[in-house]
Structure formats: structure tokens, C-alpha cells
Amino acid sequence: AQSVTQPDIHITVSEGASLELRCNYSYGATPYLFWYVQSPGQGLQLLLKYFSGDTLVQGIKGFEAEFKRSQSSFNLRKPSVHWSDAAEYFCALNNAGNMLTFGGGTRLMVKP
Amino acid sequence: GAVVSQHPSRVICKSGTSVKIECRSLDFQATTMFWYRQFPKQSLMLMATSNEGSKATYEQGVEKDKFLINHASLTLSTLTVTSAHPEDSSFYICSADLAGGGKNIQYFGAGTRLSVL
């Protein structure tokens, strides 16, 4: 069975600092991986996705993620966090069908 | 592109009434739409998969007679919470599947906050 784990429930960073949100997955083949962001009371916005090819993928809002097969990870990074980045972040896996398996989410708080 | 509209964004209703939530893909056709429920500070829980022109597929533990799903066109799916009760109060989110080249991407609506009094 496939699964997605986001080890960090909460993360707090200072504005301007770098950010890395962890995501680990369990799946028997190469998965399709996604990062979504959810602002309070809102739906999910797609930040970036990985299907194949270059393992470092660029997304919107200055985010990037790196797929590491050997570590079964797809960590999300941003070099300099802005206060507007405070939100809930979800990593998700698609098994080449059309159903997503979500991680538990990581709540990002940004200190001024 | 790939915009999904969900309406209403918030609804308050009395116990025993039914509430309909609409999910529309505005600039693409979606053969498949999904309905999720999200409890406070938790991840999304898939309720059902809705395929255009056929019956929805419900996840285990989701009452199909309670949560009626209709997917009458390639751009519209509706979720009706029938005889709503306070325990149905939650945040409901839909998504539409944009498929192409063997790859599927789900785009999400903004969600509906349902409060049952």
C-alpha cells in the first residue's frame, strides 16, 4: 500500500530564513508527487509536481522540491520565506492512476 | 488555467435540512471529480470519486445515501448532504482531475464550510 508521511506537524521559521519541509513516501514504483498549499479556510493550491525527468522541480512562489529515490523523499524548499507563506502544506502521491494519497500536512508559521 | 469553482463557500443550515454543494471546472473538462472532507487541523479525507455519467464510488465508511453525488456533465459535480446533522459540520473540498499524456493532476476548489445548527 502507498503512503505519505510528513514528519513535522508544525514548523516555525523567521521571515527571510530558508525553509525545508520534509516528505517521505512509500510506493513500489516511481510515483507522481505533488506539493499543495492551503491557506486558512481555503482549498488547495498546487505548488509543484514531479512526474519524471529532472529530479529538482521548480514551482510557483519561489518553491522547489527535490525527488530522491534512494531516500524515498520529496522535500519542499524555499531559500527565503515571506510572511505570506504561512499556511498548511500537503505532500501527495499519485500512483499513476488518478487518486491522491495525502500526507498529514505541515503547518508553517513565520516569525517577523 | 485549470480553475475549479466551488459554491457556496459557507453555508449554515438547520438540522434535518439538505444542502447542495457545487463543483465546477471552469476552463477544462473533468471526467473525474473528487469530494473530500477535512476536519480541523487534519489532512483531507477522500469521500468519493465522481465520474461523469456514472455512479460515484464511495470510500469505506461514507454513507452514499447521506452524501449524494451527481456528476451530470464534464464540468459539474454536486454533493448533497441530506438531512444534515451537527456531526456533518465540516469543511468539504472538491477537486477536478485534469488528465493528459497519461498524467493526472487534481485541481481543487476553495472549499465549503458547512455548519449545521
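Structure's up top.
Residues numbered from 1 in each chain as written. Chains lettered and ligands numbered in written order. Predicted model: local features only at pLDDT ≥ 70, side-chain atom pairs only at ≥ 80, totals over all residues. Heavy atoms only, no water.

## A few points about the pairing of strand β5 (residues 44-51) of chain B
The side chains of a regular strand alternate, residue by residue, between the two faces of the sheet.
Residues and elements named next belong to chain B.
Next, step 1: Buried residues dominate β5, accounting for six of its eight residues.
Next, step 2: With seven bridges connecting them, strand β4 (residues 32-38) and β5 associate as antiparallel partners. Within β5, the position partnered with Met33 by the bridge is Ser50.
Next, step 3: Linking β4 to β5, which pair antiparallel, is a turn of five residues; within it Lys41 sits at a positive phi near 60 degrees. (Buried < 20%, exposed > 50% of the residue type's maximum accessible area, 1.4 Å probe, protein only. Helix = DSSP H or I, 4+ residues; strand = E, 2+ residues; numbered from the N terminus. Pairing = 2+ DSSP bridges.)

## What to know about the interface of chain A and chain B
Next, step 1: Contacts between the two partners involve 21 residues from chain A and, on the opposite side, 23 residues from chain B.
Next, step 2: Counting each side, the surface lost to burial between chain A and chain B is near 1600 Å², with a carbon and sulfur contribution of 59%.
Next, step 3: Between chain A and chain B we count four residue pairs in polar contact (both at pLDDT 80 or more) in total.
Next, step 4: The set of elements that each furnish at least two residues to the side of chain A that touches chain B consists of β5 (32-38), β6 (44-50), β10 (87-94) and β11 (100-102) of chain A.
Next, step 5: The biggest single contributor to the side of chain A that touches chain B is β5(A), with four residues. (Contact = heavy atoms within 4.5 Å. Buried area = accessible area lost by both parts, 1.4 Å probe. Polar contact = N/O pair within 3.5 Å; in protein donor to acceptor, adjacent residues only side chain to side chain.)

## Observations regarding the packing of aromatic side chains
Next, step 1: Summed over all chains, the structure comprises 16 aromatic pairs over all chains.
Next, step 2: Relative to B:Phe108, the ring of A:Phe102 lies with its centre 6.1 Å away and its plane at 70 degrees, an arrangement referred to as edge-to-face. Of the two residues, A:Phe102 sits in strand β11 while B:Phe108 sits in strand β10 (residues 103-108), which places them in two different chains. In this pair, the class of A:Phe102 matches that of B:Phe108, namely buried.
Next, step 3: Between B:Phe28 and B:Tyr107 the ring centres are 6.2 Å apart and the planes differ by 65 degrees, which places this aromatic pair in the edge-to-face class. With B:Phe28 in the loop between β3 (19-25) and β4 and B:Tyr107 in strand β10, this pair connects stretches of sequence that are 79 residues apart. The same class applies to B:Phe28 and to B:Tyr107, which are both buried.
Next, step 4: Three or more aromatic residues joined by ring pairs form one cluster here, namely A:Tyr32, A:Phe34, A:Tyr36, A:Phe51, A:Phe90, A:Phe102, B:Phe34, B:Tyr36 and B:Phe108. (Phe/Tyr/Trp six-rings, centres within 6.5 Å; stacked < 30°, edge-to-face > 60°.)

## Details of the sheet that holds strand β8 (residues 76-81) of chain B
In a beta sheet, neighbouring strands are held together by backbone hydrogen bonds and run either parallel or antiparallel to one another.
All names here are of chain B.
Next, step 1: In spatial order, the strands read β1-β3-β8-β7; together these four strands make up an open sheet with antiparallel pairing. Taken across any chain shown, the strands that pair with only one partner, and hence form the sheet edges, are β1 (4-7) and β7 (67-73). Direction aside, neighbouring strands of the sheet carry axes that sit 15 degrees apart on average.
Next, step 2: Of the strand pairs in this sheet, β3 and β8 are connected by six bridges, and their pairing is antiparallel. Note on β8: the bridge partner recorded for Ile21 is Leu79. (Axes fitted to C-alpha atoms, helices over the stretch in contact; angles between N-to-C directions.)

## Examining the pattern of salt bridges
Next, step 1: All told, the structure shown has seven salt bridges over all chains when counted by the stated rule.
Next, step 2: We note a salt bridge from B:Arg24 to B:Glu22, for which the minimum N-O separation is 3.4 Å.
Next, step 3: For B:Arg24, a relative accessible area of 35% corresponds to the partly exposed category.
Next, step 4: A salt bridge links B:Lys66 to B:Asp88, with the nearest nitrogen and oxygen atoms 2.7 Å apart. A residue pair is termed long-range when its members are at least 10 positions apart, and B:Lys66 in the loop between β6 (57-58) and β7 and B:Asp88 in the loop between β8 and β9 (90-100) qualify at 22 residues.
Next, step 5: A relative accessible area of 5% places B:Asp88 in the buried class.
Next, step 6: Among the ionic contacts, a cluster of salt bridges with common partners joins A:Glu64, A:Glu66 and A:Arg77. (Salt bridge = Lys/Arg side-chain N within 4 Å of Asp/Glu carboxyl O.)

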